[in-house]
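Understanding the architecture of this molecule
So you can see what is in the structure, the chains are spelled out below.
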Amino acid sequence: MKRSLGVCYYPEHWDEAVWAEDARRMAEVGIAWVRIGEFAWSRLEPAPDRFDWGWLDRAIDVLGAAGLKVVLGTPTATPPAWVVEKHPDMLPVGKGGQPRRFGSRRHYDFAHRGYREECRRIVRHLAERYGKNPHVAAWQTDNEYACHDTTLSYSDAARTAFREWLAQRYQSPEAMNRAHGNVFWSMEVSDWSQVDLPNLTVTEPNPSLSLAFRRFASEMVVEFNRLQVEEIRKQSDAPILHNYMGRVTDFDHFAVGADLDAASWDSYPIGFLSDRIENDPERKARFLRQGDPDNQAFHHDLYRAVGRGRWWIMEQQPGPVNWAPWNPAPLPGMVRLWTWEAFAHGAEVVSYFRWRQAPFAQEQMHAGLLRPDSQPAPGFHEAATVAKELEGMEAIDPAPAPVALVFDYESAWAWEVQPQGRDFGFWRLAFAAYRALRRAGLSVDILPPDAEDLSPYKLVLAPGLLRLSDPFRTALASYEGIALLGPRTDTKTADLTIPVPLGPDLPGLDATVTLAESLPPGTEVPLENGGRFLHWFEHLEGAAPVALRTTDGRPAIVGDGSICYLAGWPDDATFDGIVRGLCAEVGLPTLDLPDGLRLRDTARHRFVFNYAPEPQRWSSVTIPPAGVHWEPR
Amino acid sequence: MKRSLGVCYYPEHWDEAVWAEDARRMAEVGIAWVRIGEFAWSRLEPAPDRFDWGWLDRAIDVLGAAGLKVVLGTPTATPPAWVVEKHPDMLPVGKGGQPRRFGSRRHYDFAHRGYREECRRIVRHLAERYGKNPHVAAWQTDNEYACHDTTLSYSDAARTAFREWLAQRYQSPEAMNRAHGNVFWSMEVSDWSQVDLPNLTVTEPNPSLSLAFRRFASEMVVEFNRLQVEEIRKQSDAPILHNYMGRVTDFDHFAVGADLDAASWDSYPIGFLSDRIENDPERKARFLRQGDPDNQAFHHDLYRAVGRGRWWIMEQQPGPVNWAPWNPAPLPGMVRLWTWEAFAHGAEVVSYFRWRQAPFAQEQMHAGLLRPDSQPAPGFHEAATVAKELEGMEAIDPAPAPVALVFDYESAWAWEVQPQGRDFGFWRLAFAAYRALRRAGLSVDILPPDAEDLSPYKLVLAPGLLRLSDPFRTALASYEGIALLGPRTDTKTADLTIPVPLGPDLPGLDATVTLAESLPPGTEVPLENGGRFLHWFEHLEGAAPVALRTTDGRPAIVGDGSICYLAGWPDDATFDGIVRGLCAEVGLPTLDLPDGLRLRDTARHRFVFNYAPEPQRWSSVTIPPAGVHWEPR
Amino acid sequence: MKRSLGVCYYPEHWDEAVWAEDARRMAEVGIAWVRIGEFAWSRLEPAPDRFDWGWLDRAIDVLGAAGLKVVLGTPTATPPAWVVEKHPDMLPVGKGGQPRRFGSRRHYDFAHRGYREECRRIVRHLAERYGKNPHVAAWQTDNEYACHDTTLSYSDAARTAFREWLAQRYQSPEAMNRAHGNVFWSMEVSDWSQVDLPNLTVTEPNPSLSLAFRRFASEMVVEFNRLQVEEIRKQSDAPILHNYMGRVTDFDHFAVGADLDAASWDSYPIGFLSDRIENDPERKARFLRQGDPDNQAFHHDLYRAVGRGRWWIMEQQPGPVNWAPWNPAPLPGMVRLWTWEAFAHGAEVVSYFRWRQAPFAQEQMHAGLLRPDSQPAPGFHEAATVAKELEGMEAIDPAPAPVALVFDYESAWAWEVQPQGRDFGFWRLAFAAYRALRRAGLSVDILPPDAEDLSPYKLVLAPGLLRLSDPFRTALASYEGIALLGPRTDTKTADLTIPVPLGPDLPGLDATVTLAESLPPGTEVPLENGGRFLHWFEHLEGAAPVALRTTDGRPAIVGDGSICYLAGWPDDATFDGIVRGLCAEVGLPTLDLPDGLRLRDTARHRFVFNYAPEPQRWSSVTIPPAGVHWEPR
Ligand SMILES: [Zn+2]
Ligand SMILES: [Zn+2]
Ligand SMILES: [Zn+2]
């Protein structure tokens, strides 16, 4: 497949006189796609039912005339002031009980019925008007669901909807009492009206209720997205996407994605390194201007799964952003590197955010491809380079990866509700496994928790899953590679209680977690092979053969056939050893990559990316900092 | 006295079919006592005035039939949903003004009249039904008063009650204005309605008002407990206890204890090391699986004082807990060590929390003696070992300790209200003194602030007392050992103002604190003898002879006869030197114990406990990690 | 001019019987001024319109009779309970929406109309009664505006007033939408009622609105102060001052100062070192008992500018305070040093806070010149020493400084609203420049942002100015010394948007900031000369000659004639090199002072102050710690 470039554009921010010139320059630089409209509600409907389509008609015409394809966004992330006046109780409420106000964006509660109807209405109008427009070649629903911590809201609307949701799920208060063990601390309820949202309790609320609330909140997002998709599909055949935000686990992306045609995500490597990736300060300093060398790839692989193979970068960082704690500029070359890395992982389109830096409002310090004065910013030239390189490049087609990692949103919620140790988190654990695979030079597929076919993979890692889905359990039972599960995998019921008999219940592996320990920073469980567990360690019992022990003789890894269980959280070096050992067992060659060098294999190429701030050797090639190298496979 | 074991049990959590087997196993393992009922309100009274006693009747019968003695808890820490529906204003309110909701436990305001009547009612019913039951051999009121920061509530109920309390104490607004110095900043009030709770002020409220609020809040707990005791005593002759929580100073335990027959506390050594003991991270890592080597002993000695000689461990950690920031498992042997240490300090009963790990709700990750699948957890075997050892052991009787430490809740409140340096705290200061005594191998008695007989002790430490009570001052005046007071002792009035003439007013010691300094971490006041003060230093004036000076010549310790005053907060090594010097003066031998080894002398034995993670030598014996050694005295 | 001493006194705190003796001792020790009355509202007007002037009449008489001049404070920082009962909505509201209550001080919203009228009334009464009193020789309005974070309030009163203010400033919602770029995120409003205060939004509000709110809040303070000044001026010719608090930038001190006759500030060197100066812990430990060696001088120079040459210390720390995180005592001699340093910088009066330590209420642990028992505290003797020294000293007259630093409150607000990097702040940046000047031995004048005459100065530093005022730009255009601007200077519009063409727009310097980077701790931009930028770095473009480059060749300083632009935030050593280099260019000699030694030149003297904890050499003199040396110039 030929890959292409895009850009995010806000015609409503600029004098109409410059649109044509902007469009011409976009086309000239090699951009094929333009995303527009996703925050423009106040210009599309300045007052209730008073629509102003003219400017958007003309903008789409101008862009289309320049040969650009339009991604049209629904503007529901930014309801105008009059919508909030009409539905004052649509505002989300924070965990501490404080209302969150109009004046920025995402000021709505997903569960609010009235706001959902407003959204259905504006989306229907938009779809009716542009559903057959020849230039509108794709749609985006809303913008970055969950961003700014907006999935969980503690409003009256949420309370009402949650009670209804519980009533549907459990059918009776008594059934919920039993499922949640509400006899504990006399938390039993006799009427749904006695159930409150799981905030502001004296101490921790029942974790089963908290997990139920997480499921409910995720479903609200799914429903909210689905009603928009329904309205668009009635009018348009163009593919519908949503732009997910990096390291967001507050709702189930697979479930939202099931209603979409492709996934996309917003990739801000330097912002994310600064504000949401666990790294020690020295490592953050080393990758200051490049971003974490595995974080982009991880999301690429994740959204390839969410999009069932089809995915984009909807927003690609083109220079410094404004929202991270600190905001340095990318190392020259990194915008190109990030773009090529996305293509190597299968992105259909990489779309830069944004065309021209806005000189006003919240994101005025966020770079664009152009400066506010319309001069090219550094990212402009790198985008142009990629566009040229793409022209000369043969098609980049995906190759199946030899190893897989299972990722599950429900598990992220469960362990957030019940971390048991302050630094335990599902994302972090899954990412630790992913990084170890990447350091060994492996290309990785990410799988949803209900994956039913593992046969393409020689090795599957599934740490920290709340429970095994039926299809995945079935797949494991007949799996011929090696699956490494644990720690914490399949040790709970769906309601976040402890099963009796104790878990995990793994096909063909007699191993039971009898006790779990969390470990503060500065402490560890040393292993016989010189490695160590940090953060987490489980005591195992059962007949499964012990492959590795702690220095005091407890099982650290058990299993020999195809299913193994890992009883703790290995540090990086230990994880490297484990991954390389398992790869050797299944005959999968691994590499020992220099720090910052990363690989990705496609059908015909091996891509090599240098995230390090110094040149690195790759066989006979020296790759400069921010350098991209590709060679035939 | 023969010491015995107990366990906490929740018949309402389990199928009635397993009760008998549970009871049989308890008895078999050597358990004598079972605490039940303290969270079961929703099962005892599922709806207003609809009682269901049947299951509790049967549970007590089954336990009693197995030879177990029952401690019956009142269920007032967990009012059911219907109680809260009836009294919505009974909910406590946090310092920031936010209500704290139903959905966990302790969701009540001690000052709420309506809730007090509900409590009186349920306790009366309980006492009427079980007051003469032959198996109910003790009572527990409520559960862990103050836990989850519930002593201080800023509700309307609290506001009303506080105004009444102030009116009683001060008789007129004018008198309070005078006592508190409300002329400062025009804070004078002319009507009680103008007094608000001391939260949400623009800057710090008047410390005199804050201390008054702390006294009020403590008295609310005392009243709340007393009404339960009254109801039980009408029906039962069995002893009444409450289970205090570790390192809680929010109410006066001596005052609550005065209404009880014995004290008890809930000992979670590893949880407490993690979440409430000041130690540097290296020290926390060293004692990760053992707990702080002095913290348990400190509480044992404190609750022996609160119980006027009679005390229990009502809840003993048997494995990992769920509520600390991190939750590792005890080192093998520690459950036994903790149990023996409690007996050596005089515990009548050590009761493990809990029999079987709950597979549901908030504490599902908290170990029990049994796993959720009813298999023995590690603590089970250690409890069984202790039970066997107890059988073969002669009676353990208390011996008077040669040194005493005075502990005072009011002082804890005063210095919390007015720390003057961010890391000054009464508990921490008293514990620093206690630790120095323990490192010297001494057994310690803790005394209440109104102790009137010091004659059993050769040395008394009383750092940080807000003021000297009359009986204690009288006792000091004729004391023949050495009393070391200060820093900060007796430097304020009862209303937390500065007395003129300045304090302290110590019998026979001419010393005045003219100025106090607090010192940030990384700074110190060096002493002539090579020692140093941290945190706190006072400038002294007066004719008292100077026993030790700072390097710039200021008094550091004054006094020579029996009363000495310490002008600062010594670091550990300095405190060691001071304690050893004073012991030498009074002819009390001290030891130089290896780090982690601790002693306790009883009438006939010397017990030696090894908290260190490595073996330690004790004269000719090597004690393994978690080892307990005893020898005749 | 002869300089004199003063003291803060609270007759209402003491028995009337001691007033005369207090006054006698004040006079005896050499004190000339007494500030009184500023918290006494509840004693002046115990109930609405019931006044009690008698005690204040007598207090002024007693003080005047002893030869003391009175500074009379208006009591508006502490409205009594009955005022709040009358205007319950006058209470300020915190950013999180919580009301802030009666019970300490400063519990009012500057924008509240009703409270303003109460203030006008009490001030009018006070001025009517004492405006012609021969002993009342100066006035103070209110007390420490902004202290305890009280400038910004999110009350209903503030909301109403802010909407009116916006309507005045922008004339129409549409004009504000345009000025703020509210098209971004559909934030456009069609009615002023749709504008809310910039708190509690889902994510950051529009920075233009936030800056408008900061301007509004500052103007509320100016108006509040002005109405008091108006009332006093009607009745009195005595000079009117306000006592500003250290490191407060929440309102424009120049604007408030324009209505006053002189400035004054409250100098707490040790408290400020502890709670509001950025220093690493080792440096804080080194200056623990002395205060930061530049912070007092900085404020002296700042308030000399605010007072247009006339300024006082209204409150001088005389010993430990009570309100900092830790509160050590000053090194012996520091009270004298601080006093002399203030005189050397031009203070007319240095007034100690307070005469006698209060034994009650919030500040009972705050030292006075006397102890609570009326004995002299350490500061007493140092004040007496200064008084003696002043007698024998010739007049201390100001000398023009050779270098100037521009300070601007609006810039502080702008960068607080939009720091772009977590540790970027205007005060900190300006202070970094100031410190570099002081380390070079230079005396400094601070200039307001609308300074129109730079001719007295050989060197002007103006880092971080939001924009250049017209007068300052004009002055720069004809300036013959060297002006060093940047980083971040003149890169925004007045509405905090980005100008097109891009800034800065500096006379005669072709340089444009095309991109800005913020840098986390532990990262840097290294410079060719071995120096480095921390925190901040800008990419420059333009024809201006490059004076210094980064190691990778980007401009670090540009300009050669009189206007230079600094593209980053130099670390201390780098800033030293830059300052010394520029001084050499303009023929200004610099010194290399030992750490802790600081100079100040007056018309006839050079003063040398030793803030170091060890003796320092100054030419042939050894100056002890806390020592003050002066010599003829
Ligand atoms: Zn975005
Ligand atoms: Zn408990
Ligand atoms: Zn003050």
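None of these values were measured; they are calculated from a predicted model. (Residues numbered from 1 in each chain as written. Chains lettered and ligands numbered in written order. Predicted model: local features only at pLDDT ≥ 70, side-chain atom pairs only at ≥ 80, totals over all residues. Heavy atoms only, no water.)

**Focus: the coordination of the zinc ion (ligand 2)**
All names here are of chain B. Note the threshold: Keep in mind that water is not among the atoms, so a site may look incomplete; donors are the N, O and S atoms within 2.8 Å of the metal, or 3.2 Å for Na, K and Ca. Strands are runs of DSSP state E lasting at least two residues, helices are runs of H or I lasting at least four, and both sets are numbered from the N terminus onward. Partly exposed describes any residue whose relative accessible area lies between the buried limit of under 20% and the exposed limit of over 50%, with all areas from a 1.4 Å probe on protein chains only and scaled to the type maximum.
Protein-derived coordination of the zinc ion (ligand 2) comes from Glu144 (OE) and Glu315 (OE), at a distance range of 2.3 to 2.4 Å. Highlighted residues: Glu144 in the loop between strand 4 (136-140) and helix 6 (156-170) and Glu315 in strand 7 (residues 311-316), separated in sequence by 171 residues. Each member of the pair Glu144 and Glu315 is classed as buried.

**Remarks on the interface of chain A and chain C**
Heads up, the rule is: By definition in these notes, contact holds between two residues if any of their heavy atoms fall within 4.5 Å. When two parts are brought into contact, each loses some accessible area as probed by a 1.4 Å sphere; the total of that loss over both is the buried area. The salt bridge definition used is simple: a Lys or Arg side-chain nitrogen within 4 Å of an Asp or Glu carboxyl oxygen. Distance and chemistry together define a polar contact, namely a pair of N or O atoms within 3.5 Å, with one atom able to donate a hydrogen and the other to accept it when in protein, and with adjacent residues in sequence counting only for side-chain atoms on both sides. Gly falls in the polar group here, along with every residue not listed as nonpolar (Ala, Val, Leu, Ile, Met, Phe, Trp, Tyr, Cys, Pro) or charged (Asp, Glu, Lys, Arg).
With 51 residues of chain A at the interface, the matching set in chain C holds 49 residues. Carbon and sulfur atoms supply 59% of the area that chain A and chain C bury against each other, a total of about 4,200 Å² over both sides. For chain A, the biggest contributors to the area lost against chain C are Arg101(A), Trp326(A) and Gln362(A); these three give 20% of the whole. Taken together, chain A and chain C are joined by four salt bridges. With a shortest N-O distance of 2.7 Å, Glu541(C) and Arg371(A) are connected by a salt bridge. Seen at the junction of chain A and chain C, the total is 25 residue pairs in polar contact (both at pLDDT 80 or more). Elements supplying a minimum of two residues to the side of chain A that touches chain C: helix 2 (41-44) and helix 4 (81-86) of chain A. Among the residues making up the side of chain A that touches chain C, the classes are represented as 25 nonpolar, 14 polar and 12 charged.

**Section: the side chain of Asp250(C)**
Residue and element names in this part refer to chain C. Inspection of the secondary structure puts Asp250 in the loop between strand 5 (240-245) and helix 9 (253-257). Residue classification places Asp250 among the buried positions, given a relative accessible area of 14%. Here the side chain of Asp250 touches Arg214 through a polar contact of 3.1 Å, side chain to side chain. Apart from the residues within four sequence positions on either side, Asp250 is in contact with Ala146, Asp149, Thr151, Arg214, Ser218, Trp413 and Glu416.

**A word on the environment of Phe224(B)**
By secondary structure assignment, the location of Phe224(B) is in helix 8 (residues 207-235). Aside from chain neighbours lying at most four places away, what touches Phe224(B) is Thr76(B), Tyr108(B), Phe110(B), Tyr115(B), Arg116(B), Cys119(B), Asp142(B) and Tyr145(B).

**What about the sheet that holds strand 24 (residues 628-632) of chain A?**
By definition, the strands of a sheet pair up through backbone hydrogen bonds, in either a parallel or an antiparallel sense. Residue and element names in this part refer to chain A. As a reminder of what qualifies: Whether two strands pair comes down to DSSP finding at least two bridges between them. Convention adopted: a line fitted to C-alpha atoms gives each axis, helices being fitted over their contacting stretch, and angles between N-to-C directions are expressed from 0 to 180 degrees.
Taken together, three strands build an open sheet; the order of strands is 20-21-24 and the sheet is antiparallel. Edge positions in the sheet fall to strand 20 (597-601) and strand 24, since each of these pairs with one other strand and no more. Strand-to-strand, the axes of this sheet are offset by a mean angle of 20°, without reference to chain direction.

**Some points on the relation of the copies chain B and chain C**
In plain terms, the rule: For the least-squares superposition of copies, only C-alpha atoms count, and only for residues with pLDDT at least 70 in both.
For the pair chain B and chain C, the best superposition has an RMSD of 0.0 Å and corresponds to a rotation of 120° with a translation of 0.0 Å parallel to the axis. Such values leave the two copies arranged in the relation of a three-fold axis.

**Section: the pattern of salt bridges**
Residue and element names in this part refer to chain C. Counted under the stated rule, the structure contains 162 salt bridges over all chains. As a salt-bridge pair, Asp445 and Arg304 come within 2.8 Å of each other at their nearest N and O atoms. Note that Asp445 is positioned in strand 10 (residues 444-447) and Arg304 in helix 12 (residues 295-306), a separation of 141 residues in sequence. Pair check on accessibility: Asp445 and Arg304 agree, each one buried.

**Brief notes about the environment of Pro487(A)**
All names here are of chain A. The topology assignment puts Pro487 in the loop between strand 12 (482-485) and strand 13 (512-518). Accessibility expressed as a relative area gives 1% for Pro487, which makes it buried. For the pair Pro487 and Leu465, spaced 22 residues apart in sequence, the C-alpha to C-alpha distance is 8.5 Å. With residues near it in sequence (within four places) discarded, Pro487 still touches Leu429, Pro463, Gly464, Trp536, Glu538, Tyr565, Leu566, Ala567, Gly568 and Trp569.

**Structural notes on the UniProt feature "binding site: substrate" (unreviewed entry) in chain A**
Residues and elements named next belong to chain A. The line we're drawing: UniProt positions are given in the numbering used here, feature names are shortened, and annotations may be inferred rather than shown by experiment.
Using the residue numbers shown here, the UniProt feature "binding site: substrate" (unreviewed entry) corresponds to Arg105, Asn143 and Trp323. If you trace the backbone, Asn143 turns up in the loop between strand 4 (136-140) and helix 6 (156-170). Checked against the element boundaries, Trp323 lands in the loop between strand 7 (311-316) and helix 13 (334-344). Using a relative accessible area of 28% as the deciding quantity, one classes Trp323 as partly exposed. Excluding residues within four positions of it along the chain, Trp323 makes contact with Met245, Tyr268, Gly271, Phe272, Asp275, Arg276 and His366.

**Considerations on the interface of chain B and chain C**
Chain B puts 49 residues into the contact, and the matching count from chain C is 51 residues. Surface buried jointly by chain B and chain C totals about 4,200 Å² across both partners, of which 59% is contributed by carbon and sulfur atoms. For the pair chain B and chain C, the number of links is four salt bridges. Arg43(C) is paired through a salt bridge with Glu188(B); the nearest N and O atoms lie 2.6 Å apart. Applying the counting rule to chain B against chain C returns 25 residue pairs in polar contact (both at pLDDT 80 or more). Of all elements in the fold, only strand 13 (512-518) and strand 15 (532-541) of chain B reach the threshold of two or more residues within the side of chain B that touches chain C. Examining the composition of the side of chain B that touches chain C, we find that five residues originate from one element, strand 13 of chain B, more than from any other. Residue classes in the side of chain B that touches chain C are distributed as 21 nonpolar, 18 polar and 10 charged.

**Digging into the confidence of the model for chain A**
Inclusion rule: pLDDT is defined as a per-residue confidence score from the predictor, taking values between 0 and 100.
For chain A, the mean per-residue pLDDT works out to 97, and 100% of the residues sit at or above 70. Interface predicted TM-score (ipTM) for the complex: 0.97; the corresponding pTM is 0.97.

**Notes on the UniProt feature "domain: Glycoside hydrolase family 42 N-terminal" (unreviewed entry) in chain A**
As recorded in UniProt, the feature "domain: Glycoside hydrolase family 42 N-terminal" (unreviewed entry) lies at residues 8-391 of chain A. Taken as a whole, residues 8-391 of chain A contains 41% helix and 10% strand, while its terminal C-alpha atoms sit 21 Å from one another.

**As for the sheet that holds strand 18 (residues 563-566) of chain B**
Residues and elements named next belong to chain B. Ordered by their spatial adjacency, seven strands build an open sheet running 10-9-11-12-18-17-16, and the pairing between neighbours is mixed. Bordering the open sheet on either side are strand 10 (444-447) and strand 16 (546-549), each of which pairs with just one other strand. Adjacent strand axes in the sheet meet at a mean angle of 25° when their direction is disregarded. Taken together, the three bridges between strand 16 and strand 17 (residues 555-558) define a ladder with antiparallel strand orientation. The residue of strand 17 that forms the bridge with Leu548 is Ile557. Seen against the sheet, helix 12 (residues 295-306) touches strand 9 (403-406) and strand 10 and runs at an angle of roughly 50° to strand 10. Where helix 17 (residues 470-477) meets the sheet, its contacts fall on strand 9, strand 11 (459-462), strand 12 (482-485) and strand 18, and the angle it forms with strand 12 comes to roughly 135°.

**Observations regarding the domain arrangement of chain A**
Residue and element names in this part refer to chain A. Put simply, the test is: Domain start and stop points were drawn from an automatic or database domain assignment.
When the domains of chain A are assigned, the result is domain 1 (4-92 + 105-148 + 221-392) and domain 2 (403-586). Taken over C-alpha atoms, the centre of domain 1 sits 35 Å from the centre of domain 2. Contact with domain 1, which involves 26 residues of that partner, is made by 19 residues of domain 2. Across the interface of domain 1 and domain 2, roughly 1,900 Å² is buried in total on both sides, 60% from carbon and sulfur atoms. Area buried by domain 1 at its contact with domain 2 is led by Thr249, Asp294 and Phe298, which between them contribute 35% of it. Counting across the interface, domain 1 meets domain 2 through four salt bridges. A salt bridge links Arg438 to Asp294, with the nearest nitrogen and oxygen atoms 2.9 Å apart.

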